[in-house]
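Residue-level structural notes
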Amino acid sequence: MQPEFTRSDLAASPDSGRDRPTQLAVGTAPLLTPEQVAATADAIEACQQPDGLILWFDGGHADPWNHTEAAMALASAGRHLAAEAAYHWLTANQHPAGSWHNYYTAHGIKDAKVDTNCCAYVAVGVWHHWQAAGDRGFAESMWPTVERALDFVVGLRKSSGHIPWAVHANGTPWPYALLTGSSSIAHSLRCGVALARLLGRERPDWKRAATEIERLIRHRPDSFEPKDRWAMDWYYPVLCGALECAQARAHLAAGAPKFLLPQGVRCVADQAWVTAAETCECALAYLRTGDIVTARRLFEATSAMRNADGSYYTGWVVPQSKTFPDAERTSYTAAAVLLAADALDRRSEAADALIVKPGS
């Protein structure tokens, strides 16, 4: 049975001043059993190549952001060696300037464009891995990779504070910034600052850049390229911490009628297509505001997209209950599920990594 969302479920709670998730209630059943977590981690590892690269699916391509998210999910499931192999791939394939290309296959570069958000996200991954594994030596070994990546991204910053969403293969930046990508970049910079502090370093320039991006998100959302058809532009400012407390709760409540269906989160507002990854990320956004009830109901909606082997279909067309893209199962979808389950079930030491502002 799919969970039902009512208007009262989705409204901002007037007596909730929290900007952190509530603790899991005593006796609450875990959303995934240990056996289910292991099966989904196996599904992700099945997409990992010998050199550490994690493809979207067997024979497909990979991008640095989803590759990193998959590494985080493996770490949350206790697969630290497989996660570290993924980070070693990032170090081995980083351009001297600090970037990575947009898409890779098992045989090399597929799309030479550079996505700034994808480049910055390694900082989130390494910060998460530190919390999951507690391995300071690994964090130290990854610091040069993180530093080069964030310096590359911040180096593209415009006088307005915006960071272009991409750079053409010839080195020319695109003319605009994206709200989703900028929210994620701000979060990456915060993770970079926390990592620097952990390692006895200081990067106040990263903190200033993050603060300016968050100011633009809060006060000038119209200064980003309009992509408001997409659910990510709705929940990412909350998920990444740019919007907090009452503002975050009101923002989620305002967008819920547009994007939430009983079966999960619409990927785009004008299509009855829900995706497990967006549903789980949105659950994390609600959890960040302290709304554990809605977060759990969203997560529970993804059970319809789970396969017996622990993999997850990317998306589901409703009410036809038809997969889209046809029968596609992706590692990044499985990763989003494991990370949301960890945050809700509080299984690993990194359970709070995506729902509490780094360093707080």
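Conventions adopted
- Residues numbered from 1 in each chain as written.
- Predicted model: local features only at pLDDT ≥ 70, side-chain atom pairs only at ≥ 80, totals over all residues.
- Heavy atoms only, no water.
- Helix = DSSP H or I, 4+ residues; strand = E, 2+ residues; numbered from the N terminus.
- Rg over C-alpha atoms; globule rule 2.2 N^0.38 Å.
- Buried < 20%, exposed > 50% of the residue type's maximum accessible area, 1.4 Å probe, protein only.
- Contact = heavy atoms within 4.5 Å.
- Areas by Shrake-Rupley, 256 points an atom, 1.4 Å probe, with all protein chains shown as cover.
- Lys, Arg positive; Asp, Glu negative; His and termini not counted.
- Charge placed at Lys NZ, Arg CZ, Asp CG, Glu CD.
- Pairing = 2+ DSSP bridges.
- Expected span 1.5 Å × (residues − 1).
- pLDDT = per-residue confidence, 0-100.
- Axes fitted to C-alpha atoms, helices over the stretch in contact; angles between N-to-C directions.
- Parallel < 35°, antiparallel > 145°, perpendicular 65-115°, else oblique.
- Left-handed = near helix turned anticlockwise from the far one by under 90°.
- Nonpolar A, V, L, I, M, F, W, Y, C, P; charged D, E, K, R; others polar.
- Phe/Tyr/Trp six-rings, centres within 6.5 Å; stacked < 30°, edge-to-face > 60°.

1. Overview of the overall build of the chain
Along the backbone of the chain there are 14 helices and 9 strands. What you see for the chain is a C-alpha radius of gyration of 19 Å, in line with the 21 Å of a compact globule of 360 residues. If you line up the chain on its principal axes, its C-alpha atoms span 50 × 45 × 40 Å. Here the chain holds 360 residues, and 59% of them are scored as buried. Considering only intrachain contacts with a sequence separation of at least 6, the fraction spanning at least 24 residues in the chain is 69%. Counting every atom, the chain has about 14,400 Å² of accessible surface; 54% of that belongs to carbon and sulfur. Of the charged side chains in the chain, 33 are positive and 39 negative; the average position of the first set lies 6 Å away from that of the second.

2. Focus on the sheet that holds strand β8 (residues 315-317)
The 3 strands are arranged β7-β8-β9 in an open sheet whose pairing can be described as antiparallel. Pairing within the sheet leaves two strands with one partner each, and these edge strands are β7 (273-275) and β9 (322-323). Note: β8 against β9, 2 bridges, orientation antiparallel. Bridged to V317 within β9 is K322.

3. A few points about helix α8 (residues 179-198)
Across its 20 residues, α8 extends 29 Å between first and last C-alpha, which sits within 8% of the 28 Å expected from 1.5 Å per residue. Burial of α8 is extensive: 18 of the 20 residues sit out of reach of the surface. Of the residues flanking the end of α8, it is G200, one or two places downstream, whose phi is positive at about 75 degrees.

4. Section: the confidence of the model for the chain
Averaged over the chain, the pLDDT score is 93; the fraction of residues at 70 or greater is 92%. For residues 1-26, every residue scores under 50 in pLDDT, and the model assigns this stretch 62 contacts once sequence neighbours within four places are set aside.

5. Topic: the packing of helix α3 (residues 64-76) against helix α14 (residues 331-345)
It is at 8 Å that the axes of α3 and α14 come closest, and there the two elements cross at 45 degrees. Taken together, the axes of α3 and α14 lie oblique to each other. Crossing of α3 against α14: the hand is left-handed. The segment α3 lies against α14, with N66, E69, A70, M72, A73 and S76 engaging Y332, A335, A336, L338, L339 and D342. Grouping the constituent residues of the contact of α3 with α14 by class yields 8 nonpolar, 2 polar and 2 charged.

6. With respect to the environment of G108
Tracing the sequence through the fold places G108 in strand β2 (residues 108-111). Taking the C-alpha atoms as reference points, G108 and H61, separated by 47 residues in sequence, lie 9.6 Å from one another.

7. Here we look at helix α6 (residues 122-133)
Counting along an α-helix, one turn takes 3.6 residues, and residues three or four places apart therefore face a common direction. Helix length check: α6, at 12 residues, gives a terminal C-alpha distance of 16 Å against a target of 16 Å (1.5 Å per residue), a fit within 8%. Of all 12 residues in α6, 9 are buried, a share of seventy percent or more. Those residues of α6 not exposed but buried are V122, A123, V124, G125, V126, W127, H128, H129 and A132. Buried positions along α6 lie against α3, α4 (80-93), α5 (116-120), α7 (136-154), α8 and α14. One or two positions beyond α6, positive phi appears at G134, with a value near 65 degrees.

8. Quick word on the packing of aromatic side chains
Enumeration according to the criterion identifies 14 aromatic pairs in this entry. Judged by centre distance (5.1 Å) and plane angle (70 degrees), the rings of W165 and W174 are edge-to-face. Classification of W165 as buried rests on a relative accessible area of 18%. Note on W234 and F259: the rings are 5.4 Å apart at their centroids and 10 degrees apart in plane angle, and the pair reads as stacked. Of the two residues, W234 is situated in helix α10 (residues 231-239) and F259 in helix α11 (residues 245-259); the sequence distance between them amounts to 25 residues. Side by side, W234 and F259 carry an identical accessibility label, which is buried.

9. Some remarks on the pairing of β2
Across 3 bridges, strand β1 (residues 103-105) lies against β2 in antiparallel orientation. In the strand pairing of β2, Y104 is matched with I109. Turn length for the β1-β2 hairpin, with the two strands adjacent in sequence and antiparallel, is 2 residues.

10. Considerations on the side chain of R190
Along the chain, R190 turns up in helix α8. Residue class for R190 comes out buried when judged on its relative accessible area of 15%. Those residues in contact with R190, other than ones at most four positions away along the chain, are K207, A210, T211, E214 and P358.

11. Focus: unusual backbone geometry
Omega for the bond connecting V318 with P319 falls within 30 degrees of zero, at 5 degrees, which places this linkage in the cis form. Along the polypeptide, P319 turns up in the loop between β8 and β9. Positive phi is not limited to glycine here, since R346 has a value of about 55 degrees. Note on placement: R346 falls in the segment after α14. Residue class for R346 comes out partly exposed when judged on its relative accessible area of 28%.

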